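Here is what each chain is made of, one letter per residue.
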Amino acid sequence: MTVTEKSMANAIRALAMDAVQAANSGHPGMPMGMADVATVLFSDFLKYDPKTPKWADRDRFVLSAGHGSMLIYSLLHLTGYARPTMQDIKDFRQLSSPCAGHPENFKLAGVETTTGPLGQGFATAVGMAIAERHLNAVFGDDLVDHKTWVIAGDGCLMEGINHEAVGLGGHLGLGRLNVLWDDNGITIDGGTELSTSEDIPARYRASGWHVVSCDGHDFDDIRKALSEAEADPRPSLIACKTVIGYGAPTKQGTSATHGAPLGDEEIAGARAALGWEPEPFVIPDDILTSWRQLGEKGAAARAEWEARLDGHAQAAEFNRRMAGELPDGKAMQTYMEGLAKDPPKWATRKASEMALGAITEALPEMIGGSADLTGSNNTKTPSTKPLTKDDYSGRYIYYGIREFGMAAAMNGMALHGGIIPYGGTFLVFTDYCRGAMRLSAIQNARAIYVMTHDSIGLGEDGPTHQPIEHIQSLRLMPNMHVYRPADAIETAECWALAIKRSDGPSTLALTRQGLAPFRDDVSTNRCEKGGYRVKSAENAKRVVLIATGSEVALAMAVAAQLEAAGTGADVVSIPCTELFDGQSAEYRNDLLGSDGILRVSIEAGTTFGWERYTGLDGLRFGIDSFGASAPIDDLFAHFGLTADAITPQILEKIG
């Protein structure tokens, strides 16, 4: 007897109900409502091979509505991925299971990106679609020819980032991007009429998208809509009209199915309504076999692709990029040796631009951009022509005023593979990017954030644009490496470290103002340990001055005054606290000094957190209020960040 599509979809519904009930936690409504749509997608449209889940030319599937995670866990299990096993699903939301409350890309093959914060999966998928088009332009259809499919809910479409992502996707004409909207009209609070009355399809059409709708429980209608979307050259929104919690006799179509278990009685009623007789967590053999046969369909396409790759002239370069391996070369070392011969007095944003010139020439996988601040962030180089819908081979994206969308798209490019993305804005606007930067860190995405105008040193733009708490707040983020270089050579070294890092994101905090050079030795990357001694005490050492970025020069000036007063002072630059904290206690203690040495931190930002290095008895110079609008020299004097203001306080402290 032929297994019906409805029976296959009901297997998803049953697993979603059972797992959420067992965990006494979760969201059964979305998987139950979108089960029919997902069945058609995985049956007839998605290109995938569970036996080779990292196949480079697979379609990317993103569950943007990550709260409905049992949808993807069910699909991965049913189609034959090694995990999740049925036991993993039984242990849904438990510490021992890869089936986390929201999908996590580092726990399961087949989960392309970590989702949960609504809208970010959608925006990340835009980055994946950009990556596909760019790599297609470079390597051709034989190696890169796939689509990006997204399931998104009402919440994903309401979030502000959605407007940024939709605008960018439409502007770039990303026709390989197809978004399946779970149009169920329900949020946690109730019907969507409580909170929105916008014409969503009209918004998408106005942004250059193709829009089609379907009955999300009519398999033929779903198939027709997806076929139309595939054929259209524009990115597509497919509005799938569904019933949340489909099958639940008293709760379907209501918010009661959204974020809580259905309860034993409701599940029993749903089983009866759906005609599903098996015990919890049991999939009948004929239904499981039908699903597994679907999972096997992609093997032929994958094998054909591997054959094309084996005979391709660019196979080695393609494999290198997709593996995230850097090419052999001495471009950066040659560049730094040139700097050392005549160290320039550059703002570190300018030093970043010059380093990027060498980097982007040597690394064709680098794709840059800026959120409408190209001339201020200095992120464009001669090697990076614009990436547009008419020329996807370009390597520079004009993101417009879309900081959050930019950061999420960078995640998508990094997770797709084959690209190392970097993007710029002002450091203060990491407030707009932060949600995506946090996901960069959670999912180990190799994204590089170029954040300029890093302190009151930006001057007259005033407190709205002057970062105070931002650098320390980013340092608090696990797995985020924050670099604040102090001159052109440190900037180049920090760039080298950021590019080399393949297991997480990096942020470079860069100055607007010019900084005097203090380094001329580039035989080793001294920033690699996160901190190092810039100057050793000349008199008997009593003070260690710890500084970052533009304040290293200030620390040097303070040290000169202390030495003139007979007090020996070391100066330590800590461009990356995360790397410094990873060094041995012996190394750190050697730099920071033993008991009896006064430790002093100097950074033009909040003093919060610096006590971990200075101790409670040390001194911390910084800014614990908002900034002000004035020329740079006036501001540093006003906030007491001058050698003449700092030195007397140190001398008084040591007595």
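Chemist: Any chance you could break down the state of the cysteines for me, citing the residues and the numbers?
Modeler: Evaluation of the coordinates by the stated rule reveals zero disulfides. Take Cys 156: it sits in no disulfide, and the sulfur closest to it among the cysteines is that of Cys 240, at 13 Å. There is no disulfide at Cys 433, and the cysteine sulfur nearest it, in Cys 576, is 19 Å away.

Chemist: Got a sec to walk through helix α11 (residues 285–296)? Specific residues and values, please.
Modeler: Along its twelve residues, α11 runs 16 Å from first to last C-alpha, staying within 8% of the 16 Å computed at 1.5 Å per residue. In this structure, the buried residues of α11 make contact with α1 (5–23), α2 (29–45), α3 (69–79) and α12 (298–310).

Chemist: Tell me about a negative patch on the surface, and please be specific about residues and values.
Modeler: A cluster of acidic residues, Glu 460, Asp 461, Asp 633 and Asp 634, forms a negative patch on the protein surface. Within the secondary structure layout, Asp 461 lies in the loop between β12 (448–452) and α19 (470–475). Judged by its relative accessible area of 47%, Asp 461 falls in the partly exposed class.

Chemist: With reference to specific residues and values, describe the nonpolar core.
Modeler: Ranked by size, the top nonpolar core spans 117 residues in total, and within it Phe 122 and Trp 291 carry the most contacts. With ten residues, the single largest contributor to this core is α1. Excluding its chain neighbours within four sequence positions, the residues that come into contact with Trp 291 are Met 8, Ala 11, Ile 12, Thr 39, Phe 42, Leu 75, Leu 78 and Thr 79. Residues Ile 359, Val 450, Ile 546 and Leu 591 belong to the second largest nonpolar core, which totals 43 residues.

Chemist: Please provide a residue-by-residue account of the pattern of salt bridges, values included.
Modeler: What the rule picks out here adds up to 38 salt bridges. Here Asp 36 makes a salt bridge to Lys 6, at a shortest N to O gap of 3.2 Å. With a gap of 30 residues between them, Asp 36 in helix α2 and Lys 6 in helix α1 connect regions that are remote in the sequence. Given a relative accessible area of 0%, Asp 36 falls into the buried group. The class of Lys 6 is partly exposed, set by a relative accessible area of 24%.

Rules behind the numbers
- Throughout this document, residue positions are counted from 1 along each chain, in the order its sequence is written.
- Side-chain atom pairs in this predicted model are given and counted only at pLDDT of 80 or more, local residue features only at pLDDT of at least 70, and totals for whole chains, interfaces and linings cover all residues.
- Side-chain numbers here rest on the full set of heavy atoms in the structure, without hydrogens or water.
- A pair of cysteine sulfur atoms is labelled a disulfide when the two atoms are within 2.5 Å.
- Strands here mean DSSP runs of E at least two residues long; helices mean DSSP runs of H or I at least four residues long; both are numbered from the N terminus.
- The span expected for a helix works out to 1.5 Å for each residue beyond the first.
- For this analysis, residues touch if any pair of their heavy atoms sits within 4.5 Å.
- What makes a patch is a set of residues exposed beyond 30% relative accessible area and free of salt bridges, joined within 9 Å when like-charged and within 5 Å when nonpolar (Val, Leu, Ile, Met, Phe, Trp, Tyr).
- Values of accessible area rely on a 1.4 Å probe in the Shrake-Rupley scheme; residue burial ignores everything except the protein chains shown.
- For salt bridges, the criterion is a side-chain nitrogen of Lys or Arg within 4 Å of an Asp or Glu carboxyl oxygen.
- Counting rule applied: Lys, Arg positive; Asp, Glu negative; His and chain ends not counted.
- A single reference atom marks each charge: NZ on Lys, CZ on Arg, CG on Asp, CD on Glu.
- For each residue, the accessible area found with a 1.4 Å probe, counting protein chains only, is set against the maximum for its type, and the residue is called buried under 20%, exposed over 50%, and partly exposed in between.
- Working definition of a nonpolar core: buried Ala, Val, Leu, Ile, Met, Phe, Trp, Tyr and Cys residues. They are joined through side-chain atoms within 4.5 Å.

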